[in-house]
Structure formats: C-alpha cells, structure tokens
Amino acid sequence: MSMKTKTIINSYGNLPCLFRQFFTLHFLRPHAASSSSINDSNNNNKNDDDDDDDDYDSSVARLEKLVHQRCKSGNLRVNEALGLFDSLIRKRPMPSIRAFNHLLGALSKRDRCSTVVFSMYKHMMGCLHFRPNVCTMNTVIKCLCPLKKVDLSFPVLATIYKHGLQPDARTLNTLLHGSLPLELFWEILRKKLPWSDVTFATIINGSCKAGKTSDALELLHKIHDGEWIKPYVYCFSPVVDSLCKRGRIDESLSLFHDMINYGVVPDVVTYTSLVHGLCESGRWEEAKNFLIGMLRSGVSPNICTYSALIDALCKERRVSEAESLLGMMAKKGLQPDVVTFNSMFSVLCKLGRWEEASQLLKHMIHCKLSANIVTYSTMLDALLKEGRTKEALDLMEAMTGRGVTPNIITYNSLIYGLCRSGQWREVTKILNKMQDEATPPNVVTSSILVDALVKERRMKEALALFGQMIHRHVRPNIVTYNSLLNGLCDLGQLEEAEKIFDIMVKQEICPNTITSNSHSDSHFIRRLMEKAQNLFDPMVQHGKMPDIISYNTLIKGYCLLGEMGKAKKIFDQMEAKGVLPNFITYYTIVKGYIKVNRNDAALELLKDMI
C-alpha cells in the first residue's frame, strides 16, 4: 500500500465504516491516475530489455498470487483490499482480469462493501485497455441489488454487450433478485440490448426459481403475443414445473395444452413435472393417461418420471402397483436409483414387511447402489416404532461401519425410541456419540428428552435441561413448553408452571390447545388466559395474522372458564380477519354455550356451521 493511501486511512479512521471506504477509494483515483501517467512515461523511455520484462512478469505473478491467497483466506480486511487494488491498478500493462475479479468477489461477500465494489468497477472502467469479463459484471450487478440501485444494473448489462460479451444465466438471475421479470424484459427491449431465445428462457427460468411464477407466466404470454421469439420447450417447462410444485395443477394442464396449440413439442421434463404434480394431488387416472400419452408421443419416461410415480404410489401404500412399475423400468433397461428404492423401502418398513424390505436391500446392493442416510433412517424409525430397539442399535452400528454418518434426524429418532422404552443408559451413549461427532443436539432432541423426563415425573431434571437449553441459546418450542406445563400442573406446582408460561409469553410463543388443556383449575386457567390475551392482542395490532390454532386456543380457554362473551368476541374477530372457523372451533364454542345453559346460542351456531 502506498504512503498516501496509509495517510488517508489513518486520518479518517474515525469516519463511519462505509463512508471511509468510499472516501478512501475516490481519494485514490487522482493519485492512481497520475502514477499511471508517470509509469506510462517511464515505460516509453525504457528499452525493451528482456531482464526488465522478466522482472515485470515475476512481480505481477507474485502480486496476483498474493491477491488470490488473501481473497481465499476469508479474512481480507477492506483497507488491505484497497491497498492491493491500488497496486494492481498502477501496473502497466495491467494484470489479468482474474486478480481484479478475486478482489471484487471477496469484497462483495462482506457487509456494507457494495459501494466500494461499485467504485472499484467505475475506476477500472475508466482505465484504457481494461477489458472486463462476464464474471466482473455479475459481481457488480450482485452488489447493486442490495443498494437498491437496480436501475444502475441495466447500464452494466449494456456494457456487457458493448464489450462483445454474452450475459449468462447467473447475470439474468442476479438481476431478477433486484427487479421483476417483466421490468427486465421491457428494459432489454427498450434499450435495444441484444437478446436471443436463450435470454428469455433464462429470465423465465430465473423467475420461477425466485418464486415469481405468475410473472413468468405473464411474460411467456407476452413473448408469444408480441412475436418476439417463437416460444420453445425450455420457455414452457420451468413454468409448468413451478405451477405443479405450487399445487396449481389445472393451470399447468392449461399451459400444457397451450404448448401443443403453439406447436411446441413437450419433452420428458414437461411430462415428468405433470405426472409428479398429478400424483401428488391424487389424480392417478390423469397421471396414468399422461404416461400413456408420453409413450405414444415417442417420449421415453426417464428415471425421474418413474421415481415420481413410484414415490406417489408408495405414499398411498399401493405397493403392488409400485412393484409393477419397478418391473416396467427393468424391461425398459432403466436402472432405479437410490431415491426410487428409498420410496419402496419406506412403505415396506412402515407396513412391517421386513422380509421384503430385506430382499429389496439385497437387490440394491446387487445393483451396485449404496444405501444412504435416508435408507437407514427409514429402517431405524420403523424398528423403533415397533419397539425393536436392539435391532435398531445393531443397524446403527452396521450403518456407521459402512461409512454412512448418522445425521441429527437419525439421532433424534433413536433417542425418541430409547426414551420411550426407558433405556437411559443407551440415551447417554448416543448423546456422547453426538458430541464426539460434532452433531450438537437441537431443539427437537432437547424437547424429546424433556418430555421423556416429565413422563417419568423427573421434573427437577427436566427443568435443569430446560435451563441448559436457555443457557446454550437453543430456543425451546411449544412442544417443550407444553411438556413442562403438563408435568408441573399434574404435580400441582402451579407457581412454577406460571413462571414457565411467563418465559413462553416473553419469547412470543403462542399457546395452543394442548397448553390450555394443561390443567382444569379455573383460577390457574384465568391467569394463563390473561397472559395469552396480552400476547395475542399485540400480534393482531402489529399485523401478524394468528392462525386457526391460536384462535381455537383462546376460544377453548374462555369456554373452560364459562366466559362465553369473550369466547364469542374472539370468534367474531376471527371471521373478520378472514380466518375461517373449522369443526373444532364450532364444536368448542357450541359445547361452551351448552355448558352455561345457552342452548339458543348453541343452536344458532349449529345452523351457521351447517
């Protein structure tokens, strides 16, 4: 770093971080420019000496290596980055674009450095003979989006084309995060930027990935109606897939028929998306028809198509049909993957068909497929639910012996099964193993343990574990609190229960119907209801929409106290907020009115319910 740079940084050390970075970089500009002029002048006076060329190449190589190492380290400071940038920008001829990209990329990952990256970019673009690449421009566009300067991204996009470069998928996807797809579409047309069918296909695909499916659909229709390009399958497939994943099956089917009318031939991806969506919606006949139509059109189903069908059939426990499809795959010469086998494996374990599950596992090995964590976790969970803990522990040993590392879900299943059968020594071993493998217990693990201790009336240990959760910043959930409240109320420790409830309210965790059922003592319920209402009211005032469970909980509490006026007020508020009452809501309030001999009001609500 030059002396002038150091002086500037030291003099403005007390400025706010972002402004100091911005000021430093802009202050460097005249100095860097003048230095460049001096270097250019000196270079004109030098002889083209081979030794000097070697020295220059060696110097640049060392500088580029240093930049690469510091950027890769992950602890590059802003001031250090500015110094390295100063060194790079003063070299003539300039070093490779990779060195500059490393610096921009490293700074773009730091908080509040977007302005610095943009300033560096403008400085570089002001230098003669500087030629950016797409990676440079992508980094700059990425930094402009958080600055809410998306309008500046479009000139950067234009510069990409000006330099004869072609924006890639990452360029357009980055722009989509800062703007709407339709805005991007019109901007490209308005500025007469070069585009191709791939450009618009990328925008549509990026829109779907960003969750803007409706915009992608509108854009697709605009492209077709405006005859900008002839839409092709890669424009349609992402939208069909996105609509299916969001459960908008009828819209996806309508779009599929539009494709056919536009003369676009669907491919295996389009068909697979529809087959999967229809299966998930339980529309089996239509899914089967699509599969037949696919085959008639000469489009061969792939592993994903078959896997989607087999998975859906397994979820419905239609094992024989799933097995038929596996046989069909074999006839077509398609090798099922581990995902396909896992679907079959899951349903066989759930149905307790262990012999068939074992045969399937052997078949997997015969197909040279290794069972993964999902395979083992499925089998473990099924064994534990049947109380076969010894076999589950043996399977865990076999699993680790084959190099498959258990994850937190596997451990939680095992701990739950062991707690249920009271095998605390084994639980301790598993917890120690988790610690050895650097897999810390999460809120689910802790809640399982708290609940198990409560059920054994070991409240002191359960409360100690709860305290550890708070201390280790593991935020307890409603399950943890309900377990503790149930245990304390059953033991008559109402003051302690109220303290736990206070902590729950402070953490803004809404009680549910299980919480309100904790105890039948009307005095205790009244105190809890006051606090629950105090939590509920600010939620509504701040625009947080409570769900059906929150409303049902309050109604249940007031009904238990016989305070039907308050229960009806919550019921009316619920409807006004657009949350429709369900069977439980009506059943609770009708039962409450009958309890206080208000049969007329109960009948009125029954009519409303019908």
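Residues numbered from 1 in each chain as written. Predicted model: local features only at pLDDT ≥ 70, side-chain atom pairs only at ≥ 80, totals over all residues. Heavy atoms only, no water.

To keep it simple, the criterion reads: UniProt positions are given in the numbering used here, feature names are shortened, and annotations may be inferred rather than shown by experiment.
By the naming in an unreviewed UniProt entry, the protein is Tetratricopeptide-like helical domain containing protein, taken from Trema orientale. The UniProt entry for the protein carries the following comment under Sequence similarities (unreviewed entry): "Belongs to the PPR family. P subfamily."

## Describing the layout of surface pockets
One simple way to see leftover space: roll a probe sized like a water molecule over the atoms. Stated formally: Only protein atoms enter the calculation, which uses a 1 Å grid: trapped sets of points that fit a 1.4 Å probe without letting it out are cavities, open sets showing protein on both sides within 12 Å along at least five of seven lines are pockets, and any residue with an atom within 4 Å of a point is a lining residue. Grid points are joined across faces, edges and corners, and a volume is the space filled by probe spheres set on the points. Helix numbers and strand numbers start at the N terminus; a helix is a DSSP run of H or I with at least 4 residues, a strand a run of E with at least 2. All amino acids are sorted into three groups, where Ala, Val, Leu, Ile, Met, Phe, Trp, Tyr, Cys and Pro are nonpolar, Asp, Glu, Lys and Arg are charged, and the leftover types, Gly among them, are polar. Each domain's extent was defined by an automatic or database domain assignment.
Looking at the largest pocket, its volume works out to about 530 Å³. L431, P441, L465, Q468 and R472 are the residues nearest the centre of the largest pocket, which is lined by 19 residues in total. At the level of secondary structure, the elements contributing two or more residues to the lining of the largest pocket comprise α24 (424-436), α25 (443-455) and α26 (459-471). Among the elements that line the lining of the largest pocket, the one with the most residues is α24, at seven residues. Considered class by class, the residues forming the lining of the largest pocket number twelve nonpolar, five polar and two charged. In this structure, the lining of the largest pocket is formed jointly by two domains, domain 2 (370-433) and domain 3 (442-509), each of which donates at least three residues.

## Some remarks on the nonpolar core
Which entries qualify depends on this criterion: Residues belong to one nonpolar core when they are buried, are Ala, Val, Leu, Ile, Met, Phe, Trp, Tyr or Cys, and are joined through side-chain atoms within 4.5 Å. Partly exposed residues are those whose accessible area sits between 20% and 50% of the maximum for their type, while under 20% is buried and over 50% is exposed, using a 1.4 Å probe and protein chains only. Contacts: residue pairs with any heavy atoms within 4.5 Å of one another.
By size, the foremost hydrophobic cluster in this structure holds 103 residues, and its most contacted members are V239 and L414. The contact partners of V239, leaving out residues within four places of it in the chain, are I204, C208, T213, A216, L217, L220 and L255. Ranked by size, the runner-up nonpolar core spans 27 residues in total, among them L63, V67, L103 and F130.

## Observations concerning the pattern of salt bridges
Applied cut-off: Think of a salt bridge as a Lys or Arg side-chain nitrogen and an Asp or Glu carboxyl oxygen that are within 4 Å of each other.
Per the counting criterion, the structure on display carries 22 salt bridges. When the shortest N-O distance is used, the salt bridge between E321 and R318 registers 2.7 Å. As a salt-bridge pair, K455 and D451 come within 2.9 Å of each other at their nearest N and O atoms. Residue K455 and its partner D451 are both found in helix α25; the two are separated by four residues, about one turn of the helix. Residue K455 is classed as exposed on the basis of its relative accessible area of 65%. One network of salt bridges, with partners in common, ties together D250, R283 and E286.

## Considering unusual backbone geometry
Positive phi values are uncommon outside glycine, yet A438 reaches one of about 55°. Residue position: A438 is located in the loop between α24 and α25. If you check the backbone angles, R457 has positive phi at about 60° while not being a glycine. Relative to the assigned elements, R457 resides in the loop between α25 and α26.

## Topic: the packing of aromatic side chains
Cut-off, in case you're wondering: Side-chain rings of Phe, Tyr and Trp (the six-membered ring for Trp) are treated as a pair once their centres are within 6.5 Å; stacked means planes under 30 degrees apart, edge-to-face means over 60, and tilted covers the remaining angles. Comment: the charge-over-ring label is applied if NZ (Lys) or CZ (Arg) is within 6 Å of the ring centre and within 35 degrees of the ring normal.
In total, this model carries eight aromatic pairs according to the counting rule given. Relative to Y586, the ring of F571 has its centre 5.6 Å away and its plane inclined at 70°; by these criteria the two rings are edge-to-face. With F571 in helix α32 (residues 564-576) and Y586 in helix α33 (residues 583-595), this residue pair connects regions lying 15 residues apart in the sequence. F571 sits in the buried class, given a relative accessible area of 1%. Taken together, the ring pairs in this structure connect F256, Y271 and F290 into an aromatic cluster. It is R318 that lies over the ring of W284; its NZ or CZ is 4.7 Å from the centre. Sitting above the plane of the W424 ring, R458 keeps its charged end 4.8 Å from the centroid.

## Some remarks on the side chain of T445
We apply this condition: Polar contact is defined as a pair of N or O atoms within 3.5 Å, subject to the rule that within protein one atom must be able to donate a hydrogen and the other to accept it, and that residues adjacent in sequence are counted only when both atoms are side-chain atoms.
Along the chain, T445 falls in helix α25. Classification of T445 as buried rests on a relative accessible area of 0%. At a separation of 2.6 Å, a polar atom in the side chain of T445 contacts the side chain of N412. In contact with T445, other than residues within four places in its own chain, are I408, N412, I415, L431 and M434.

## A look at the packing of helix α19 (residues 338-350) against helix α20 (residues 354-366)
Quick note on the threshold: Between N-to-C directions, angles cover 0 to 180 degrees, with each direction set by a line fitted to C-alpha atoms, over the stretch in contact for helices. Roughly parallel means an angle under 35 degrees; roughly antiparallel, over 145; roughly perpendicular, 65 to 115; everything else is oblique. Crossings are sorted by hand: turned counterclockwise from the far helix by less than a right angle, the near helix makes the crossing left-handed, and turned clockwise it makes it right-handed.
With their axes 8 Å apart at the nearest point, α19 and α20 run at an angle of 165° to one another. Compared by their axis directions, α19 and α20 come out roughly antiparallel. The crossing of α19 and α20 is left-handed. The residues of α20 that touch α19, namely those facing V338, F341, M344, F345, L348 and C349, are W354, E356, A357, L360, L361, H363 and M364. Class assignment for the residues of the contact of α19 with α20 results in eleven nonpolar, one polar and one charged.

## Some details on α24
Which entries qualify depends on this criterion: The length a helix should cover is 1.5 Å for every residue beyond the first. The arc in question is the one traced by the directions running from the helix axis out to the C-beta atoms.
Its 13 residues give α24 an end-to-end C-alpha distance of 18 Å, which sits within 8% of 18 Å, the value for a rise of 1.5 Å per residue. Buried within α24 are the following residues: W424, V427, I430 and M434. Summarising the axial view, the buried residues of α24 lie within an arc of 110°, below the 170-degree limit, and thus occupy one face. Of the exposed residues in α24, those oriented more than 90 degrees away from the buried face are R425 and D436. Contacts made by the buried residues of α24 are with α22 (389-401), α23 (408-420) and α25. Count one or two residues on from α24 and you reach A438, which has phi positive near 55°.

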